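Below are the chains, spelled out letter by letter.
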Amino acid sequence: REQVMGVFRSLIFLLSFQLLYVAKGSTVWLNKNGYEDLVVAINPQVPEDANIILNVMNMIKNASNNLFEMTKHRFFFKSVKIIIPKTWKKNINYSRLKTESYDKADVIIADPYIKHGDDPYTLQYGGCKEKGRYIHFTPNFLLNDKLANVYGEKGRVFVHEWAHYRWGVFDEYSSDMPFYVSRNSKAASVEATSCPAGVAGIPVFQDCSGDKCEPRSCRYDGQLYEKGCMFIPDIRQNIPCSVMYLQYILSVVEFCDKNTHNSEAPNMQNKMCNHKSTWEVIMESDDFRNSAVVNASAPPSETTFRLLQTQDRAVALVLDVSGSMSMHNRIRHLHSAAEAFLLHIIEIGSWVAIVTFDSDASEKAPLQQITDDAARQKLVQCLPIIASGKTNICAGIRKGLKLIADKMNTTYGSEIVLLTDGEDSGIATCLDLVKQSGAKIHTIALGPLAAKELEEFSTLTGGLKLYAVDGAVHNKLTMTLSAITSGSGDISEQSIQLESKELLVQHSGWMNTTVPVDKTVGNDTFFSVAWSLSQPFFFLRDPKGKEHGSSDFTIDNSNPNTARLSISGTAEVGDWQFCIKNLHTATQAISVTATSRPAYSDVPPVSIAAHMNRANRAFNPVVVYAEVSQGFLPVLGATVIATIEKDGAAAVTLELLDNGAGADTMKNDGIYSRYFTSLQGTGRYSLKVNAHGRNTTTRLSLKQNRALSILGYRENGKIYMNAPRPKFADKEIKVKLGSFSRISTSSLVVNTGGDSAPIYPPCKVTDLHARIENKTIVLSWTAPGGDLDNGKADHYIIKSSENLLDLRNHFDHATSVNSSNLIPKEAGREESFKIKLENFIIKNDTVIYFAIRAVDDTNLISEVSNIAQTTWFVPPKASVPLEYDGNNEGADSIVIVAIVAVCVIVVCTIVSSTLCVLQKRKGRVDFETMQ
């Protein structure tokens, strides 16, 4: 039996580890060729409207047919669940949720909190081939049929976003660089950033005064078309692709593949996927490998839908009180953390039961609703204070599920919070029960010896997998338990962690901490101080200077090492300052925590979501992510610090960056990232991320990875323009937040495969740029580290070629650039390197491509960087604006770059591939604005 259990533990451990990279917990699975259990969730803030449900169904039904055709008869949508918020009326057609929830949904429907923010988009943290977090549609996108003129038919838009979300591909257009200089023809030419080659269209500029716009042909500025020039495609194309570019054109029924893809133009697909076509990336997916072409003209079955409605939250705390919980003050820390959870974290209106277990399970409190503070205090009185006996995890789970079922008549949609520090050989005996229960199990592993199989409960049910290291005070366990908030999407009552800090303070030493309360929070705010040995002297000063001394704080007899202060009403905006002095004769640990709730139900608070995943890329490195946002707007300019801990190892601190380099996929998207290279062997790792800002501004930025909106189109020689996208006033795109602080926690189980400390090469350079100054080529990039994006590389290898794909595929054989005098800087610093043009044979239309690799001090080498391009062009005649000559017969031709009397050097950073033929129509161009 022991041998069987050993094998079982190993299998469970490996399975749970393998599933961890899909951190968000999507439940979509491929059943032969059909996607099952796709979850769409409506935000509780969205007003009730049955047409939203109807339009979602129609969109996905159409998307299923489109997907089937666009993937060459391979994939379709088989079954979909739509989560209706609790705020909508009950309906007999709505079933009860099981483990599905808003925060784990594949598609969310929510207001953008800004005007004109209806762009459908997919939130992608990772790189090429890595799944996204969610797809976002607004209610207005679903309800306003006029938006079909802006984005195209909804089902086609859904397929575009699904490709982002499921297969980790990227857009083939570029809003930042709609045109570039191409060399894929006899002469250098300005082309539209598109995919594939041969997209017919015309460059157009809109001269706008107020609401009135007059389109005209674009002027050539000596390098590219003038800033603001747009490419307007023909509505009828002779080519069938590409979905990731022109999803709104009806003739587009394919993704770009190896034959139609082009590796020149600056789009995200080539930057992120190393110049591979979208179809090549899709073909490398597990979905593709596990499916076959269906010999039919339509999907084998229609999409089916189930409507589920969110219910009141029902949670059973299932707490370990076995003998090992008496070690390291664990039972005392459990009491303090659970007390904080019951008093300040779990939302009003929730139902809570308390179960303890050792060798058997005991009911401490039946399921009861939290209606006021008295109900919270009543539950706190039921928390355990004594630990003894052995560990029987399944007994605790069974008792927790029974208490929920006794009150709710079902366990569907309920939650178990399972906290344990010990091993249990009988975990396998209740896995089936857990799977059938429809309950979500959140696991908290406390200390280094918690059962290795524990996370399987979370894997089976979509619950959180959390881990807390032992500490001298309870704040680490409190912080971990505080991460278990409602997954309903209702932010108005959700607890937000403002601060959690622990320090060792010497005798007579001071711990001074500032906790900023920003204007987006302030309700139900509480502060606490905890100590390991004896009570220190302390006071809390509010932003107006009023001091709250220790006598204003509450200290319970059952929890004598913690003092708490609740602020009545809405806490004052500004800096709250803690001053704490250690009066004990020896050094002791002192911690400060602060939590609050949103100040307004209709204003989203600043929030942070931290994740730690193993990336689906070379060496499978661990990446730490933190999304800092207000609603769906990214918060830029924050300082984001991650602390990673493992029992028996020193804590590691990393600054996460939003610079578009190293582990960070996109610059200024509010997602701060960094590689974690200090792995200390197999085991559990806990993550704490602190984001703070001083006088920080939320900046509106269009989401990346979104369906291209239709600027206009040309049909039968006439151009039809959409109304221009609104330009946001400065006050609309910048929101002053003042100072803020947020805490988020997460965990990860890592199996290093026997390699206790993996060795990593420098990370790939992803932002190589080139420009020309005074007949000198200047290359610039962000320095990688010696270990991915940490430390410092030893040296660089720079290569050049006149053929992009040769440079990508045969980097070692390309022409070397002497960079022996270039000494790498610390990771994250800006690098710059100058190359004299006299080192190259230059003639008219010469295109030179550059790439770089970094080498560390053990000769480990990074991947080849993105490819940068410089073009030397000597135009034939003086500059003139583009005109459309007088001949009614239209002939398509490449628009040759015109035109300055002196040498012009065109520089373009190549991060993607696309070739487009710009049409030059003879005769007068007619413009018309679409209504």
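In short, a report on the structure. (Residues numbered from 1 in each chain as written. Predicted model: local features only at pLDDT ≥ 70, side-chain atom pairs only at ≥ 80, totals over all residues. Heavy atoms only, no water.)

## Regarding the overall build of the chain
Formally: A run of DSSP states H or I qualifies as a helix once it reaches four residues; a run of E qualifies as a strand once it reaches two. Both are numbered from the N-terminal end. Relative accessible area decides the class of each residue, using a 1.4 Å probe on protein chains only: under 20% of the type maximum gives buried, over 50% gives exposed, and in between gives partly exposed. Any two residues whose heavy atoms approach within 4.5 Å at even a single point are treated as in contact. Computed with a 1.4 Å probe, the accessible areas rest on the Shrake-Rupley method; for each residue, only the protein chains presented here act as cover.
Along the chain, the regular secondary structure elements total 16 helices and 49 strands. Looking at the chain residue by residue over its 931 residues, the buried ones come to 60%. Across the chain, contacts joining residues at least 24 apart in sequence account for 77% of those joining residues at least 6 apart. Entry remark: accessible area of the chain is about 37,400 Å², with carbon and sulfur atoms responsible for 49%.

## Overview of the pairing of strand S28 (residues 559-566)
This is how it is decided: Two strands qualify as a pair provided DSSP detects at least 2 bridges between them.
When you tally the buried positions in S28, you get six out of eight residues, the bulk of the element. Pairing geometry for strand S24 (residues 521-531) and S28, over five bridges, is antiparallel. Bridge pairing in S28 places serine 528 opposite arginine 564. As paired elements, strand S27 (residues 554-556) and S28 share two bridges and run antiparallel to each other.

## Re the pattern of salt bridges
Applied cut-off: A side-chain nitrogen of Lys or Arg and a carboxyl oxygen of Asp or Glu constitute a salt bridge if their distance falls within 4 Å.
Tallied over the entire structure, the rule returns 30 salt bridges. The partner of aspartate 524 in a salt bridge is arginine 597, and the shortest N-O contact between them spans 2.8 Å. With a gap of 73 residues between them, aspartate 524 in strand S24 and arginine 597 in strand S30 (residues 588-598) connect regions that are remote in the sequence. According to the relative accessible area criterion, aspartate 524 is partly exposed, its value standing at 30%. What you see here is one network of salt bridges that share partners, running through Asp207, Arg216, Arg219 and Glu226.

## Section: helix H11 (residues 393-408)
Heads up, the rule is: Expected helix span is given by 1.5 Å per residue-to-residue step, counting one fewer step than there are residues.
The end-to-end C-alpha separation of H11 is 23 Å, in line with the 22 Å expected for 16 residues at 1.5 Å each. Among the residues making up H11, those that are buried are Ile393, Cys394, Ala395, Gly396, Ile397, Gly400, Leu401, Leu403, Ile404 and Met408. Within two residues after H11, asparagine 409 carries a phi angle of roughly 65°, on the positive side.

## Let's talk about the sheet that holds strand S4 (residues 76-77)
Pairing between the strands of a sheet comes from backbone hydrogen bonds, and it takes one of two forms, parallel or antiparallel. Within the open sheet, the three strands sit side by side as S1-S2-S4. Their pairing is mixed. Every other strand in the sheet has two partners, leaving strand S1 (29-31) and S4 as the edge strands with one partner each. With two bridges joining them, strand S2 (residues 34-36) and S4 adopt parallel strand pairing. In the strand pairing of S4, glycine 34 is matched with phenylalanine 76.

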